[in-house]
Amino acid sequence: MASTGGREQIRLHLCLGQALNCCAAPQVVVDVLCSCCQMQVANDCQCRQPTCSTLMPHTLVMMFGAMSCCADAVHSGRHIPWRPGRADKDDATSCPPDGRLPDASKDAKHVRDIFGRMGFDDREMVALVGAHCLGRCHTERSGYKGPWTNAPTTFSNLYFQELVNNKWRKKRWDGPLQYEDKSGELMMLPADMALLWDKKFKQYVDLYAKDADAFSQDFAAAFSKLLELGVPFSPAAPTT
């Protein structure tokens, strides 16, 4: 996402040095990543683009985690706790197998089974799925098509408002089953609709549709928990 130099958007670079030393980077990025790396950053309008290896005492996967927290903080306005500790691996043999995230085509039981295995309760699960307020589906990536809301670059509770207040029907097309609103512009996945049809999930869908602050607060806590799953933290690991 290209930066405008303000807080509305955030530029995510693969090179930590470029992100830290580019004057276009929002201050929230500099603040969080600088504290993680214990670095002094000079915002002098010169993007020197040093290499990651010379600047970063932590791993690339830690960088991605920290920057995802930065991005969410910029959009939601709420601090998301983060601390270093996750290690890089040399090859894909150390990666978990596919199927560890909810399948968009499945039902509430599947969503609950997947997130429940990770230690999340129903409220946390609904909060995490609320990340669908951002972005859209692309047919060339997932087979699905379209955004969940009319503001796909804004972190808000619009996803839940659309889910509850809009009317959804099966989309007539050659792709996988998905739902669309009357305009045909917005869409919901079967796993999204499952939140609406499951009584235990729906109570939190209704809550977040009415209370944006409750969603933002719960999402920050659940997302931080998600990032820390399986990480053997050092007792001295700082939290930012």
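Relevant structure appears above.
Residues numbered from 1 in each chain as written. Predicted model: local features only at pLDDT ≥ 70, side-chain atom pairs only at ≥ 80, totals over all residues. Heavy atoms only, no water.

1. Describing the overall build of the chain
Thinking step 1. A tally of helices and strands in the chain yields 10 helices and five strands.
Thinking step 2. Each of the 240 residues in the chain was classed as buried or not, and the buried ones make up 44%.
Thinking step 3. Considering only contacts within the chain whose residues lie at least 6 apart along the sequence, 59% involve residues at least 24 apart.
Thinking step 4. Carbon and sulfur atoms make up 52% of the accessible area of the chain, which amounts to about 13000 Å² in all. (Helix = DSSP H or I, 4+ residues; strand = E, 2+ residues; numbered from the N terminus. Buried < 20%, exposed > 50% of the residue type's maximum accessible area, 1.4 Å probe, protein only. Contact = heavy atoms within 4.5 Å. Areas by Shrake-Rupley, 256 points an atom, 1.4 Å probe, with all protein chains shown as cover.)

2. Describing the pattern of salt bridges
Where charged atoms from two side chains of opposite charge come close, those side chains can pair.
Thinking step 1. Under the criterion given, the structure shown has eight salt bridges.
Thinking step 2. The shortest N-O distance in the salt bridge between Asp113 and Lys109 comes to 2.8 Å. Separated by four residues within a single helix, Asp113 and Lys109 lie in helix 5 (residues 108-117), roughly one turn from each other.
Thinking step 3. Overall, the relative accessible area of 42% leaves Asp113 in the partly exposed class.
Thinking step 4. We note a salt bridge from Asp198 to Arg112, for which the minimum N-O separation is 2.9 Å. Here Asp198 is found in the loop between helix 8 (190-197) and helix 9 (199-210), whereas its partner Arg112 is found in helix 5, with 86 residues between them in sequence.
Thinking step 5. Judged by its relative accessible area of 18%, Asp198 falls in the buried class.
Thinking step 6. Judged by relative accessible area, Arg112 falls into the partly exposed class, the value being 23%.
Thinking step 7. Salt bridges sharing common partners tie together Arg112, Asp122 and Asp198. (Salt bridge = Lys/Arg side-chain N within 4 Å of Asp/Glu carboxyl O.)

3. A short note on helix 6 (residues 122-129)
Thinking step 1. Of all eight residues in helix 6, seven are buried, a share of seventy percent or more.
Thinking step 2. Turning to helix 6, its buried residues are Asp122, Glu124, Met125, Val126, Ala127, Leu128 and Val129.
Thinking step 3. The backbone nitrogen of Arg123 has a side-chain oxygen 3.2 Å away, supplied by the residue at the start of helix 6, namely Asp121. (Polar contact = N/O pair within 3.5 Å; in protein donor to acceptor, adjacent residues only side chain to side chain.)

4. A closer look at the packing of helix 8 against helix 9
How two helices sit against one another is set out by the angle between their axes and by the gap between those axes.
Thinking step 1. It is at 5 Å that the axes of helix 8 and helix 9 come closest, and there the two elements cross at 90 degrees. By the criterion of interaxial angle, the relationship of helix 8 to helix 9 is roughly perpendicular. Together, Ala194, Leu195, Leu196 and Trp197 of helix 8 and Lys199, Phe201, Lys202 and Val205 of helix 9 make up the contact between the two elements.
Thinking step 2. For the contact of helix 8 with helix 9, a count of residues per class yields six nonpolar, no polar and two charged. (Axes fitted to C-alpha atoms, helices over the stretch in contact; angles between N-to-C directions. Parallel < 35°, antiparallel > 145°, perpendicular 65-115°, else oblique. Nonpolar A, V, L, I, M, F, W, Y, C, P; charged D, E, K, R; others polar.)

5. Describing the packing of aromatic side chains
Two descriptors summarise a pair of aromatic rings, namely the distance from one centre to the other and the angle between the planes of the rings.
Thinking step 1. Applying the stated criterion across every chain, the model contains 10 aromatic pairs.
Thinking step 2. Both rings, one in Tyr179 and one in Trp197, keep their centres 5.9 Å apart while their planes meet at 80 degrees; by these two values the pair is edge-to-face. Taken together, the residues Tyr179 in strand 4 (residues 179-180) and Trp197 in helix 8 connect sequence positions 18 residues apart.
Thinking step 3. For Trp197, a relative accessible area of 56% puts it in the exposed group. (Phe/Tyr/Trp six-rings, centres within 6.5 Å; stacked < 30°, edge-to-face > 60°.)

6. Concerning helix 8
Thinking step 1. Within helix 8, seven of the eight residues are buried, which leaves the element mostly enclosed by the surrounding structure.
Thinking step 2. Residues of helix 8 that are buried include every one of Pro190, Ala191, Asp192, Met193, Ala194, Leu195 and Leu196, and no others.
Thinking step 3. In this structure, the buried residues of helix 8 make contact with helix 5, helix 6, helix 7 (158-165), strand 4, strand 5 (187-188) and helix 9.

The values reported here are purely geometric and, on their own, carry no functional implication.
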